2 protein chains.
Amino acid sequence: MAQATPRYHHGNLRAELLVSAERKLETTGVQGLSLRELAREIGVSHGAPRQHFPDKQALLDALAVLGLERLGRELGAALGEAEGPFADRLLAFVRAYVRFATAHPAMLALMFARKDRPDAPELLEAGERAFAAPVALIAGAQAAGEIDDADPDRVAMALLATIQGLATIITGGMIGDRSDDVVVSGTVETLLRGLRPTR
Amino acid sequence: MAQATPRYHHGNLRAELLVSAERKLETTGVQGLSLRELAREIGVSHGAPRQHFPDKQALLDALAVLGLERLGRELGAALGEAEGPFADRLLAFVRAYVRFATAHPAMLALMFARKDRPDAPELLEAGERAFAAPVALIAGAQAAGEIDDADPDRVAMALLATIQGLATIITGGMIGDRSDDVVVSGTVETLLRGLRPTR
DNA sequence: CCTAGAATCTAGTCAGTGTCTAGAAATGTA
DNA sequence: TACATTTCTAGACACTGACTAGATTCTAGG
């Protein structure tokens, strides 16, 4: 894995930086991520990363894009395997999302910390691609009459908000000693039934 | 306001640090907040803040508690003024929450960035106090039969997740060119009606 | 009043960081 | 083989958070 005789040209620095950065991100969070430390671990001088990322934010952006792509793959896979009525497939989707969120909380925060970089079109595009499968799920369910045929956009926003909030309060420890899955399935059920009395 | 002849003892450093820190937080975000810069602005040596906050994280924690208290006051005020049926009061509550989130996005992120400090009981307590009013809203509505009498805890978690997610996707710019209020009221309506077909 | 002791602030230091620069080394190409 | 480009090294700079010793001010107790 590590080069026995380190060459002057690393040959794959950009990719290895991203790998190391992601590992560091998951263990220490974004604030414990240092370009110089990454370079040290890889065995390259402290200025080398600059050749591939003009500054630290560029590395973080690239990392966020990778995270969005992986999230998209996982959501797509979960929905691809899901069978049965809409409620089951919805639950499978939300479970997959929350699984990703709890497995990679720092990455999730990075993916949605858009405050710092107002102009990052590739991030927005990556986000849209990541959420293609759930959007299709909603559209399909509405077409099949499985859910209320209200404004699809409205429903999509509500669903997006709910799962994103679920991820935040779970990874933030705000669910106390409740089990993740109970909160997830309970929220999905509430979302399906609505708050209004059923009779 | 500023002391004409600066005294050796500032007399109110801790409070002024928090005020300056909050202003800086709102303009530059948490990563642009420097203890030394705060000390410089206030006109005190770079080591002075250490007397009141053992490290930077302690200042951020104190700031988060202040934010939670203010959020609690605003939510309480909004719900205190709200009249009419449950749906109206719920909407008033969500609007107040989103208003706070969009006005102080960096503060909101700070308040819920609990990953870095696993043990911060005063933060948890402040959080519970901040959400006292909405919890009471749900409990009261259930008692009055205004909403489905499912597990109150389940409903509360779902509602908390939804508003927190709303705040995240709105402040994160993920709602595109939709207006905040349309997304807010649309989500509340979806939450009330549920996703299931009504007939 | 005055005098210890505690609280508060200053000044200096240290390791660490991100960014910038000039130049060396390797790679690709004509 | 010669040359231009990419990639990396090495040194520097300003900045940060944290630690320390000591100066200054405040506060009670006698």
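Keep in mind that what you see is a predicted model, and the values were worked out from it rather than measured.

1. A closer look at the overall build of chain A
Alright, step 1. The number of helices and strands found in chain A is nine helices and zero strands.
Alright, step 2. Listed by position from the N terminus, the elements making up chain A come as α-α-α-α-α-α-α-α-α.
Alright, step 3. Here chain A holds 199 residues, and the buried ones make up 46% of them.
Alright, step 4. At a minimum sequence separation of 6, the contacts of chain A that also span at least 24 residues come to 65%.
Alright, step 5. Computed over 22 positive and 26 negative side-chain charges, the inter-centroid distance for chain A is 5 Å.

2. Quick look at the environment of Pro134 of chain B
Residue and element names in this part refer to chain B.
Alright, step 1. Positionally, Pro134 belongs in helix H7 (residues 132–143).
Alright, step 2. The exposure class of Pro134 is buried, given its relative accessible area of 5%.
Alright, step 3. Each C-alpha atom, one on Pro134 and one on Leu75, is 7.6 Å from the other, the two residues being 59 residues apart in sequence.
Alright, step 4. Ignoring any residue separated from it by four or fewer positions in sequence, one finds Pro134 in contact with Leu75, Leu79 and Phe93.

3. Brief notes about the protein's contact with DNA strand C
Alright, step 1. Looking at DNA strand C, there are 24 residues lining it, with Arg36, Arg40 and Arg50 of chain A together with Ser45 and His52 of chain B nearest.
Alright, step 2. Take the atoms of DNA strand C that sit within 4 Å of the protein: sugar and phosphate atoms are 57% of them.
Alright, step 3. Ser34 of chain A is positioned with one of its side-chain polar atoms (N or O) 3.1 Å from a phosphate oxygen of DNA strand C.
Alright, step 4. Within the side chain of Arg40 of chain A, an N or O atom sits 2.6 Å from a phosphate oxygen of DNA strand C.
Alright, step 5. Ranked by residue count, the leading element in the surface near DNA strand C is helix H2 (residues 35–42) of chain A, at three residues.
Alright, step 6. For the surface near DNA strand C, the class distribution of residues is seven nonpolar, 11 polar and six charged.

4. Points about the domain arrangement of chain A
All names here are of chain A.
Alright, step 1. Looking at the assigned domains, one finds that chain A contains domain 1 (10–53) and domain 2 (67–193).
Alright, step 2. Between domain 1 and domain 2, the C-alpha centre-to-centre distance is 30 Å.
Alright, step 3. Tallying the contact residues gives five residues for domain 1 and six residues for domain 2.
Alright, step 4. Carbon and sulfur atoms make up 59% of the area that domain 1 and domain 2 hide from each other, which totals about 420 Å².
Alright, step 5. Per-residue buried area on domain 1 facing domain 2 is highest for Glu22, Leu25 and Glu26; these three make up 88% of the total on that side.
Alright, step 6. Where domain 1 meets domain 2, there are one salt bridge.
Alright, step 7. Ionic pairing is found between Glu22 and Arg70, a salt bridge with its closest N-O pair at 2.7 Å.
Alright, step 8. Taken together, the connections running from domain 1 to domain 2 amount to two residue pairs in polar contact (both at pLDDT 80 or more).
Alright, step 9. For the side of domain 1 that touches domain 2, the per-class residue count stands at two nonpolar, one polar and two charged.

5. What about the interface of chain B and chain A?
Alright, step 1. Counting residues at the interface gives 45 residues for chain B, matched by 44 residues for chain A.
Alright, step 2. Between chain B and chain A the total buried area reaches about 4,200 Å² when both faces are included, carbon and sulfur atoms providing 63% of it.
Alright, step 3. The tally of links between chain B and chain A comes to four salt bridges.
Alright, step 4. For the salt bridge of Arg154 of chain A with Glu189 of chain B, the shortest nitrogen-to-oxygen distance reads 3.3 Å.
Alright, step 5. For the side of chain B that touches chain A, the secondary structure elements donating two or more residues are helix H4 (86–103), helix H5 (105–112), helix H8 (152–171) and helix H9 (180–193) of chain B.
Alright, step 6. Among the elements that line the side of chain B that touches chain A, the one with the most residues is H8 of chain B, at 13 residues.
Alright, step 7. In terms of residue class, the side of chain B that touches chain A is built from 21 nonpolar, 13 polar and 11 charged.

6. Considering the nonpolar core
Alright, step 1. Membership of the largest hydrophobic core comes to 128 residues, with the highest contact counts inside it found for Leu90 of chain A together with Leu90 of chain B.
Alright, step 2. Every residue in contact with Leu90 of chain A, bar those within four places of it in the chain, is listed here: Leu137, Leu159, Val188 and Leu192 of chain A together with Leu195 of chain B.

7. Details of H8 of chain B
Because an α-helix completes one turn every 3.6 residues, residues spaced three or four positions apart along the sequence face the same direction.
Residue and element names in this part refer to chain B.
Alright, step 1. With 20 residues, H8 should reach 28 Å at 1.5 Å per residue; the first-to-last C-alpha distance of 29 Å fits that figure.
Alright, step 2. Judged by how many residues are buried, H8 sits mostly within the fold: 16 of 20 residues are covered.
Alright, step 3. In this structure Asp151 caps H8, since a side-chain oxygen of it lies 3.1 Å from the backbone nitrogen of Asp153.
Alright, step 4. Where H8 ends, the next residue or the one after it, Gly173, has phi of about 75°, a positive value.

8. Description of H4 of chain B
Residues and elements named next belong to chain B.
Alright, step 1. Compared with an ideal rise of 1.5 Å per residue, which puts 18 residues at 26 Å, H4 spans 26 Å between its outermost C-alpha atoms and is within 8% of the ideal.
Alright, step 2. Within H4, burial applies to Phe86, Leu90, Leu91, Phe93, Val94, Ala96, Tyr97, Val98, Phe100 and Ala101.
Alright, step 3. The secondary structure elements touched by the buried residues of H4 are helix H3 (56–81), H5, H7, H8 and H9.

9. Notes on the packing of helix H8 (residues 152–171) of chain A against H8 of chain B
Alright, step 1. Remark: H8 of chain A packs on H8 of chain B, axes separated minimally by 6 Å, with the N-to-C direction vectors making an angle of 105°. The angle between H8 of chain A and H8 of chain B falls in the class roughly perpendicular. Packed against H8 of chain A, whose contacting residues are Met157, Leu160, Ala161, Thr162, Gln164, Gly165, Leu166, Thr168 and Ile169 of chain A, the element H8 of chain B presents Met157, Leu160, Ala161, Thr162, Gln164, Gly165, Leu166, Thr168 and Ile169 of chain B at the interface.

10. Concerning the protein's contact with DNA strand D
Alright, step 1. DNA strand D sits among 24 residues. The nearest are Ser45 and His52 of chain A together with Arg36, Arg40 and Arg50 of chain B.
Alright, step 2. In DNA strand D, the atoms that sit within 4 Å of the protein are 57% sugar and phosphate, with bases accounting for the remainder.
Alright, step 3. Contacts to DNA strand D include Arg40 of chain B, whose side-chain N or O atom sits 2.7 Å from a phosphate oxygen.
Alright, step 4. The class makeup of the residues in the surface near DNA strand D is seven nonpolar, 11 polar and six charged.

Conventions and cut-offs
Residues numbered from 1 in each chain as written. Chains lettered and ligands numbered in written order. Predicted model: local features only at pLDDT ≥ 70, side-chain atom pairs only at ≥ 80, totals over all residues. Heavy atoms only, no water. Helix = DSSP H or I, 4+ residues; strand = E, 2+ residues; numbered from the N terminus. Buried < 20%, exposed > 50% of the residue type's maximum accessible area, 1.4 Å probe, protein only. Contact = heavy atoms within 4.5 Å. Lys, Arg positive; Asp, Glu negative; His and termini not counted. Charge placed at Lys NZ, Arg CZ, Asp CG, Glu CD. Near = heavy atom within 4 Å. Polar contact = N/O pair within 3.5 Å; in protein donor to acceptor, adjacent residues only side chain to side chain. Nonpolar A, V, L, I, M, F, W, Y, C, P; charged D, E, K, R; others polar. Domains from an automatic or database assignment. Buried area = accessible area lost by both parts, 1.4 Å probe. Salt bridge = Lys/Arg side-chain N within 4 Å of Asp/Glu carboxyl O. Core = buried A, V, L, I, M, F, W, Y, C linked by side-chain atoms within 4.5 Å. Expected span 1.5 Å × (residues − 1). Axes fitted to C-alpha atoms, helices over the stretch in contact; angles between N-to-C directions. Parallel < 35°, antiparallel > 145°, perpendicular 65-115°, else oblique.

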